[in-house]
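Below are the chains, spelled out letter by letter.
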Amino acid sequence: MRNIVRRLRRPLVLLAAAAVCGGLAPLARADDGRVSLRVSNSWSRISPRELNDYLEDYVRSYEDIYGVGISRNSTKTFDWAQDFEIAVDIPLRRGLVLTASAGLLSSSREGNAFTVEWGTESDAFLRDDRIRSVAVELGLGYVMPLSGRFGLRPHFGLDAYWSTFEDSGSQTRSYSSWGDLVTAWTANAHAFNLGGTAGVTLDGNVFGGLGLFLDAGYRMARLSNFSGRYEESNEGVSDGAVDFSLLYFEETVDWLDTSYKRFNLPGGWSGGNVTLVHSAVIDLSGFYFKAGLRVSF
């Protein structure tokens, strides 16, 4: 929470200064001082470093151990997220606008697969990962009129995230004498976290109470403390669901002179010395660009 306040301190100071000077300028005609309903879609550049490192090292460890015989496409990492949002803007005094919004932030990487082959035997791995987060924001903005139809609105807000991380996959071991042996798993974990958003919106009237807007800014959303249920099955027979917490750890493998970044999820080779353990962080922070429709009442 302290980091959130520190990062949002500058936008808060700027908005306060704008509010003090608000008596010198009227409300922008772009929103006509009325309550507005906004619907939008946005694209965000995200940076879940721990998760991406895990997905890449999950494959790299097998490449290091076996040296040859790895068949795969490029690992699909989490680089972008999409956010659908509905917001209500309520005009206050001196150009200030109170905003309440709710949206769904999501990203997924499906079909991460590779095969380890040695002689007539092989291991085929398949993994799908998904992140979903219901984001609720309460924020303030300041309307700066540009013309009778357009206005700029710098804004900041405090966000709450109810998030889900899902991981599912399988490992198929093919032996020339035994046939195929399949291990499959699902992991579903939930978390609640606070974050923040700061940006600038360009509002424009089309006609009457109908308008369009563009919004660009930065979202801070470091998601952690995931916990939930994990279930594994062998040859279609479940071992039963168990409680688990999503952890990040690093292990050093002396005989390979390297280290790997891990989540406590199945499929990855393990056999080194663990040097670091903490609650996994899935960081959806990053710059976003948003476009949408606004209706004023």
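Note that this is a predicted model, so its numbers are computed, not measured. (Residues numbered from 1 in each chain as written. Predicted model: local features only at pLDDT ≥ 70, side-chain atom pairs only at ≥ 80, totals over all residues. Heavy atoms only, no water.)

Here we look at the overall build of the protein chain
Here is step 1: In terms of helices and strands, the protein chain carries 2 helices and 18 strands.
Here is step 2: Taking all 297 residues of the protein chain together, the buried fraction comes to 46%.
Here is step 3: Expressed as a percentage of contacts within the protein chain between residues at least 6 apart in sequence, the contacts between residues at least 24 apart total 71%.
Here is step 4: When the accessible area of the protein chain is evaluated, it comes to approximately 14600 Å², of which 59% is carbon and sulfur surface. (Helix = DSSP H or I, 4+ residues; strand = E, 2+ residues; numbered from the N terminus. Buried < 20%, exposed > 50% of the residue type's maximum accessible area, 1.4 Å probe, protein only. Contact = heavy atoms within 4.5 Å. Areas by Shrake-Rupley, 256 points an atom, 1.4 Å probe, with all protein chains shown as cover.)

What about the packing of aromatic side chains?
Here is step 1: A complete count under the given rule lists 12 aromatic pairs for this structure.
Here is step 2: Between Tyr218 and Phe287, the ring centres sit 5.0 Å apart and the planes meet at 70°, which makes this aromatic pair edge-to-face. Of this pair, Tyr218 sits in strand S9 (residues 210–220) while Phe287 sits in strand S18 (residues 286–296), placing them 69 residues apart in sequence.
Here is step 3: Residue Phe287 is classed as exposed on the basis of its relative accessible area, which comes to 60%.
Here is step 4: Of the aromatic side chains, those joined through ring pairs into one cluster are Tyr54, Tyr58, Tyr62, Phe114, Phe125, Tyr248 and Phe263. (Phe/Tyr/Trp six-rings, centres within 6.5 Å; stacked < 30°, edge-to-face > 60°.)

What to know about the environment of Lys76
Here is step 1: Along the chain, Lys76 falls in the loop between strand S2 (70–72) and strand S3 (80–91).
Here is step 2: What makes Lys76 partly exposed here is its relative accessible area of 38%.
Here is step 3: Counting along the chain gives 36 residues from Lys76 to Asn112, while the straight-line C-alpha distance between them is 6.2 Å.
Here is step 4: For Lys76, the contacting residues outside a window of four places in its chain are Leu55, Arg109, Glu110, Gly111 and Asn112.
Here is step 5: Here Glu110 takes part through its backbone oxygen, which lies 2.8 Å from a polar atom of the side chain of Lys76. (Polar contact = N/O pair within 3.5 Å; in protein donor to acceptor, adjacent residues only side chain to side chain.)

Regarding empty space enclosed by the protein
To find leftover empty space, a probe the size of one water molecule is rolled over the atoms.
Here is step 1: Tallied over the full model, the rule gives 2 cavities of 30 Å³ or more.
Here is step 2: Here the largest cavity is characterised by a volume of approximately 230 Å³.
Here is step 3: The wall of the largest cavity is formed by 22 residues, among which Glu85, Ser101, Glu137, Thr197 and Lys290 lie closest to the centre.
Here is step 4: Of the residues contributing to the lining of the largest cavity, the split by class is 5 nonpolar, 8 polar and 9 charged. (1 Å grid on protein atoms, 1.4 Å probe; cavity = no way out; pocket = protein on both sides within 12 Å on 5 of 7 lines; lining within 4 Å. Points joined across faces, edges and corners; volume = space filled by probe spheres on them. Nonpolar A, V, L, I, M, F, W, Y, C, P; charged D, E, K, R; others polar.)

Comments concerning the sheet that holds strand S16 (residues 273–279)
Here is step 1: The strand order S15-S14-S16 describes an open sheet built from 3 strands, whose pairing is antiparallel. Taken across any chain shown, the strands that pair with only one partner, and hence form the sheet edges, are strand S15 (258–263) and S16. Adjacent strand axes in the sheet meet at a mean angle of 15° when their direction is disregarded.
Here is step 2: Here strand S14 (residues 247–253) runs beside S16; their pairing, made up of 6 bridges, is antiparallel. Opposite Leu247, over in S16, you have Ser279 as the bridge partner.
Here is step 3: The sheet contacts of helix H2 (residues 49–66) involve S14, S15 and S16, and relative to S15 the element is tilted by about 130°. (Pairing = 2+ DSSP bridges. Axes fitted to C-alpha atoms, helices over the stretch in contact; angles between N-to-C directions.)

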